[in-house]
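Topology and contacts: notes
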Amino acid sequence: MTLIDTRTPDAKRLISGATGDWEIIIGLEVHAQVTSQAKLFSGASTAFGAPPNANVSLVDAAMPGMLPVINEECVKQAIRTGLGLKAEINHKSVFDRKNYFYPDLPQGYQISQFKQPIVGEGKVIVSVGPDRQGEFEDIEVGIERLHLEQDAGKSMHDQHATMSYVDLNRSGVALMEIVSKPDMRSADEAKAYVTKLRTIVRYLGTCDGNMDEGSLRADVNVSVRRPGGEFGTRCEIKNVNSIRFIGQAIDYEARRQIAILEDGGKIDQETRLFDPNKGETRSMRSKEEAHDYRYFPDPDLLPLEFDQAYVDALAKDLPELPDAKKARLISSLGLSTYDASILVSEKAVADYFEKVAAGRDGKLAANWVINDLLGALNRAGKGIENAPVSPDQLGAVIDLIKEGTISGKIAKDLFEIVWNEGGDPRQLVESRGMKQVTDTGAIEKAVDEVISANPDKVEQARAKPSMAGWFVGQVMKATGGKANPQAVNDLVKTKLGIE
C-alpha cells in the first residue's frame, strides 16, 4: 500500500510518550466477501456452515486442466461497491497471479488484481463520535483501490494431535479488498471507518458484513511518527475480525512501537497477529513486498472489459445510501444529527424507522425507535429483524399518544404489553381500560382530594412554586397514571394559586 500524507497533525489525536508527542498513522485493507451464490471463478456454492470440503469444485481443488471462469455477478457487486464509495470505475482491469504458498490454497497462487484493479480512487465520509457533548466530527478517508480476488481455505490445527486439517469451502470465494489511504489517526477513527464501510456494503447488498463469520475482516497497517515528520516503518496486523479488536490492536501496536523508538530501537517491517485473549500483537513473519509475490497477468483469464453503459445500468438501481438518507432525515423530518446517525447506522433500523415515521411526527417516532425499541432490543440481546414489536404496532402506539387517547406513561406500559404479549395496541387500550382520563371534572376531584389531604404541602408550594410537581405526581398516582398530565398540571396550579 502506497503511503501518501494527506492530513496535518491534530493535537487532540496525539499520544504522549516519555519523550514527547507521537502521531499514529493508520491504513486499512478490508476484505469483504462478495454476496454471491457461487465463487469467483467456479460454480461451487458459497453457503456458510456447510460440512468441511462440501463446497469444492474441481477448479477450487486445482485439478489438472481445470480453468477459471469469471462470475459476472461478482463483477457487478464490485462495481456497485465502487459506486457506493464514490470511486473511479476502471473499464478495463486485469487479473494477476500472486505467487505465495498457502497450504489451504491448492493452486499455489492466488488470483488477484495488482496494477489494474476494477475500482480506483474514492472516498468515505466518516462520522467519529459522539463525544461527551453528543457531537460528531466528520473526516474524509480516501480509498486507494478496490480489487477482486479469491479467498484461501482454512487450516485447522486443533483437530488432531500431530496433523492439520484443511477445509477448502472458502477457497475461491470472491473477496473485495478495499484499500484505504493512510488517513486515520486514532483507533476511534479506524473503528468508525470500518463501521461505515460495513454499513455501506450492507445497504448495497454486496457483502453481509458478518465479521463473526469471516465475511468482513481487516488487515491493519500501523506506524507512528513525530507530529508532521516522515512516515515511520509500518507493521501490518493480519485478519482482525471485530471492530472492537481493531481498536485494541491499534492502541497496543502504537504503544509498542513508541516504546521501542523511545528506547533507541527501530521498528522492523513485519506482519503481526492480534491475540484478543492477551490484548496484544505478536510477530508472525517479515513483511512481504510486491516483488516477493512475483505478480504477472493470469494467462487463463482475459482482461476484464465493460463500457460506461454497463456501469450506468448498475448505478441506476443503487439504493439510497447512508449519507444521503441521513441528510434527508435531518432536512425533511427535522431530526438531530445524533438521532439520524443512529437510525441510518443499520439498513434494517432505517427501514423500520421509516415505516414507523410514515405520516407521523418524525421526532416522536425517532425517540420511540431509538430509546424504547432499540433499548429493549439491546437489553434482550435481539436484532431488529427479531423485534417483537412491528413498525405497525409501534406506529399505533404513537398515534394513540398524538390523539390524546393515552398519556406518555400509559404508552410505556402499552409498549411493554405489546412487546411481551403482542396484540393490536388499540384493542389492548380498550379491553384493558387504559384510556387517558380527560374528563376535567374527574381530574379536578382528584386534585381537590390530594390538596385537602396535604395542607402543609400547600403552603410550601405557594412559597416555592416548583413544589407543584409533587402534587401533580400524587394526582397521577391516585389516577393510576391515566389522568391527562397537562390538565393535571394546569388544575394544580390554578387550585394552588401559583403561576
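Here we summarise the structure given alongside this text. What you are looking at is a predicted structure, and each value in this text was computed from that prediction instead of being measured.

**So, the overall build of the protein chain**
Within the protein chain, the secondary structure is distributed over 15 helices and 16 strands. Computed over the C-alpha atoms, the radius of gyration of the protein chain is 29 Å, more than 25% above the 23 Å expected from 2.2 N^0.38 for a compact globule of 499 residues. Structurally, the protein chain occupies a C-alpha span of about 95 × 55 × 55 Å along its principal axes. By residue count, 49% of the 499 residues in the protein chain fall in the buried class. A separation threshold of at least 6 residues defines the contact pool for the protein chain, and within that pool the share at least 24 residues apart is 69%. Accessible surface for the protein chain amounts to roughly 23800 Å². Of this, 49% is attributable to carbon and sulfur atoms. Computed over 61 positive and 74 negative side-chain charges, the inter-centroid distance for the protein chain is 3 Å.

**Focus: the sheet that holds strand 5 (residues 109-112)**
Read across the open sheet, the three strands follow the order 5-4-15; overall the sheet is antiparallel. For this open sheet the edge positions go to strand 5 and strand 15 (296-297), each flanked by a neighbour on one side alone.

**Concerning the packing of helix 2 (residues 187-204) against helix 3 (residues 243-262)**
Running from N to C, helix 2 and helix 3 point in directions that differ by 155°, and their axes come no closer than 9 Å. Taken as axis vectors, helix 2 and helix 3 run roughly antiparallel relative to one another. Judged by the twist between their axes, the crossing of helix 2 over helix 3 is right-handed. Across the interface between the two elements, Ala187, Ala190, Lys191, Val194, Thr195 and Arg198 from helix 2 touch Ile243, Ile246, Gly247, Ile250 and Asp251 from helix 3. Here the residues of the contact of helix 2 with helix 3 sort into six nonpolar, two polar and three charged.

**Some words on the environment of Phe353**
Of note, Phe353 is situated in helix 7 (residues 347-357). Separated by 33 residues in sequence, Phe353 and Glu320 have C-alpha atoms that sit 15 Å apart.

**Some thoughts on the side chain of Gln150**
Its place among the elements puts Gln150 in strand 7 (residues 137-150). Here Ile111 takes part through its backbone nitrogen, which lies 2.9 Å from a polar atom of the side chain of Gln150. Ignoring anything within four residues of it in the chain, the contact list for Gln150 reads Leu40, Phe41, Gln107, Tyr109, Gln110, Ile111, Gly172 and Val173.

**As for the nonpolar core**
Membership of the largest hydrophobic core comes to 105 residues, with the highest contact counts inside it found for Ile118, Tyr193, Val220 and Leu373. Grouped together as the second largest cluster of nonpolar side chains are 20 residues, Phe471, Val472, Ala487 and Leu491 included.

**Looking at the packing of helix 5 (residues 322-333) against helix 6 (residues 337-344)**
At a closest axis distance of 9 Å, the pairing of helix 5 and helix 6 adopts a crossing angle of 140°. One element, helix 5, and the other, helix 6, form an angle in the oblique class. With respect to the hand of their crossing, helix 5 and helix 6 are arranged in right-handed fashion. Residues Pro322, Lys325, Lys326, Leu329 and Ile330 of helix 5 form the contact with helix 6, whose participating residues are Thr337, Ala340, Ser341, Leu343 and Val344. Here the contact of helix 5 with helix 6 is built from residues that sort into six nonpolar, two polar and two charged.

Calculation rules
- Residues numbered from 1 in each chain as written.
- Predicted model: local features only at pLDDT ≥ 70, side-chain atom pairs only at ≥ 80, totals over all residues.
- Heavy atoms only, no water.
- Helix = DSSP H or I, 4+ residues; strand = E, 2+ residues; numbered from the N terminus.
- Rg over C-alpha atoms; globule rule 2.2 N^0.38 Å.
- Buried < 20%, exposed > 50% of the residue type's maximum accessible area, 1.4 Å probe, protein only.
- Contact = heavy atoms within 4.5 Å.
- Areas by Shrake-Rupley, 256 points an atom, 1.4 Å probe, with all protein chains shown as cover.
- Lys, Arg positive; Asp, Glu negative; His and termini not counted.
- Charge placed at Lys NZ, Arg CZ, Asp CG, Glu CD.
- Pairing = 2+ DSSP bridges.
- Axes fitted to C-alpha atoms, helices over the stretch in contact; angles between N-to-C directions.
- Parallel < 35°, antiparallel > 145°, perpendicular 65-115°, else oblique.
- Left-handed = near helix turned anticlockwise from the far one by under 90°.
- Nonpolar A, V, L, I, M, F, W, Y, C, P; charged D, E, K, R; others polar.
- Polar contact = N/O pair within 3.5 Å; in protein donor to acceptor, adjacent residues only side chain to side chain.
- Core = buried A, V, L, I, M, F, W, Y, C linked by side-chain atoms within 4.5 Å.

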